Amino acid sequence: MKNTNFLTKQYLHNKKFNISHNYLSNQFSDYKKIFKKIEKLIKFNDYTLGFEVEKFEKKFAKLINAKHCIGVGSGTDAIYLALKALGLKNNDEVITTPYTFYATINAIVQADCRPNFVDSGKDFNINPDLIEKSITKKTKAILVVHWSGRICDMKKINQIAKKYKLFVIEDACHAALAFKKNKYAGNFGDIGCFSLHPLKNLNVWGDGGMIITNDTKINKKLKLIRNHGLINRNNIEVFGVNSRLDTLQAIVANHLLPKLKNITMARIKNANYLDNNLKYINQIYIPEREKNSREVFHLYCVQAKKRDKLVRFLMSKGIDAKKHYPIPMHLQKPSKQMFGYKKGDFPMAEKLSDETLSLPVHEFITKKQLDFVIDQINFFYSKKINS
Ligand SMILES: *Cc1c(COP(=O)(O)O)cnc(C)c1O
């Protein structure tokens, strides 16, 4: 079997780009302040679910106007635990999008459930008009993904959920601080799931995640099952798992949390700048931006003609253009094997996978760098190199 830890190589490869998706050395240039806080923790020995985790949970909940926040081991675990807390099991179906990161689907399968894919819309999110006809007797929940930090059509989705008595879970791993009509991502359904992975907008030094809910019962259940089901040292109330937000990571998260607003606004500013300059290029399709909402641009995604060639060209210019993601979830090997999905099942998701290009948009990109990116894209389409 091949070495499956390809990440070391990937990190080295990414470092070669001048304009990169990776900005973590910059973001944590004040790491010594975090070290000081870790020193305190070492004296206090508060390594699991201690003060720092509670502090983070309170602050994050407050920041996005949620009643409860539960720190867990990762964004994937957040989704898995959400499904478990809602009682899903035994091949229950979860309606979701094929255009997402692997973790959404892995969590569904891990929870002993089955993904029931519904095609995407042009805005990268699940197409709400196709949901109703996909509901079956086994359907128990709709798991939406706010792709790249753009909130799904929650009004329609919640109406359908209500009509068919389905749970709504939000994979908000891209969407910290995104909102629509004054409601923050994560608050639209029964449970919202977030990731603190190093490449997310709010990030830590490894894995971490959190769940939010406004339902006190669900909160109680999640707090139990993330920690073995323990109610005290000697008793478990239910069977649980070990998926706590690591206390060391909570320190990092607490350090970064006050900066999240600025991080977010910088991404939005960069994305607007790209929008305003790329919109003149006929070969680029930018999804229409919505009023009354805040899109937080975990990724800056557009659809581009001759996408593969353009990506190669930009990379040769030191720009870390990426395909997020070239293969939709229903065409991944285990989806085809286990669930019988095939090419052609979800034409829009497949088109998005063929045409989507993402550009670095994080807070450390300079205007000069953005101008360079824009110039290179213009150059690519204006010259014969692409014909
Ligand atoms: C990152 C991500 C996850 C999973 O988060 P991890 O913390 O890496 O487990 C889930 N869904 C989406 C859409 C993501 O981008």
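Keep in mind it's a predicted model, so treat the numbers as computed, not measured. Just so you know, the residues in each chain are numbered from 1, in the order the chain's sequence is written. Only residues with pLDDT of at least 70 are given local features in this predicted model, and only at 80 or more are side-chain atom pairs given and counted; all residues enter the totals for whole chains, interfaces and linings. The side-chain values count all of the structure's non-hydrogen atoms but skip hydrogen atoms and water molecules.

A short note on the packing of helix 10 (residues 260–278) against helix 14 (residues 367–382)
- Between helix 10 and helix 14, whose axes approach to 11 Å, the crossing angle comes to 30°. Of the possible angle classes, the one that applies to helix 10 and helix 14 is roughly parallel. Read as a crossing pair, helix 10 and helix 14 show a hand that is right-handed. In this structure, helix 10 uses N270, Y273, L274, N277 and L278 to contact helix 14, whose residues at the interface are K367, L370, D371, I374 and I377.
- When the residues that make up the contact of helix 10 with helix 14 are grouped by side-chain class, the tally is six nonpolar, two polar and two charged. The convention used is that axes are lines fitted to C-alpha atoms, helices contributing only their stretch in contact, and that angles between N-to-C directions extend from 0 to 180 degrees. Counting from the N terminus, the helices are DSSP H or I runs at least four residues long and the strands are E runs at least two residues long. Every angle not falling under 35 degrees, over 145, or within 65 to 115 is termed oblique; those three ranges are roughly parallel, roughly antiparallel and roughly perpendicular. By convention the crossing between two helices is left-handed if the near helix lies anticlockwise of the far one by an angle smaller than a right angle, and right-handed if it lies clockwise. Throughout, a contact is declared for two residues whenever any of their heavy atoms are within 4.5 Å. Ten residues, namely Ala, Val, Leu, Ile, Met, Phe, Trp, Tyr, Cys and Pro, are considered nonpolar, four, namely Asp, Glu, Lys and Arg, are considered charged, and the remaining ones, Gly among them, are considered polar.

A word on the pattern of salt bridges
- The working definition used for a salt bridge is a side-chain nitrogen of Lys or Arg within 4 Å of a carboxyl oxygen of Asp or Glu. All chains considered together, the criterion is met by 17 salt bridges.
- Its salt-bridge partner being K163, residue E132 comes within 2.7 Å of it at the nearest N-O pair. Here E132, found in the loop between strand 3 (114–117) and strand 4 (139–145), pairs with K163, found in helix 7 (residues 154–164); they are 31 residues apart in sequence, far enough to count as distant.
- Taking the relative accessible area as the measure of exposure, E132 reaches 31% and is therefore partly exposed.
- On the basis of relative accessible area, K163 is assigned to the exposed category, the value being 57%.
- Between K342 and D345 there is a salt bridge, with its nearest N and O atoms 3.1 Å apart.
- Taken together, the shared-partner salt bridges connect D123, R150, D275, R289 and E295 into one network. Think of it in three bands: with a 1.4 Å probe and only protein chains considered, a residue is buried below 20% of the maximum accessible area for its type, exposed above 50%, and partly exposed in between.

A look at the site of the ligand
- Near is defined per residue: the residue qualifies when any heavy atom it owns lies within 4 Å of the molecule or strand. Not every one of the 15 residues close to the ligand is listed here, only the nearest: T76, D171, H174, S195 and K200.
- Whenever two N or O atoms come within 3.5 Å, that pair is a polar contact, provided that in protein one can donate a hydrogen and the other can accept it, and provided that, for residues adjacent in sequence, both atoms are side-chain atoms. Separating a nitrogen atom of the ligand from a side-chain N or O atom of D171 is a distance of 2.7 Å.
- A distance of 2.7 Å separates an oxygen atom of the ligand from a polar atom in the side chain of H174.
- Taking 380 Å² as the accessible area of the ligand by itself, protein coverage stands at 93%.
- The class makeup of the residues in the shell around the ligand is four nonpolar, nine polar and two charged. All accessible areas in this document rest on Shrake-Rupley with a 1.4 Å probe, and a residue is counted as covered only by the protein chains that are shown.

Observations regarding the side chain of Q249
- Relative to the helices and strands, Q249 resides in helix 9 (residues 247–256).
- Residues contacting Q249, with those up to four places away along its chain left out, are V204, W205, G206 and D207.

A closer look at a nonpolar patch on the surface
- The patches reported here contain residues having more than 30% relative accessible area and no salt bridge. Joining distances are 9 Å for like charges and 5 Å for nonpolar side chains (Val, Leu, Ile, Met, Phe, Trp, Tyr). Taken together, the side chains of F6, L7 and Y11 present a nonpolar region at the surface, about 310 Å² in accessible area.
- Mapped onto the secondary structure, L7 falls in helix 1 (residues 7–14).
- Residue class for L7 comes out partly exposed when judged on its relative accessible area of 33%.

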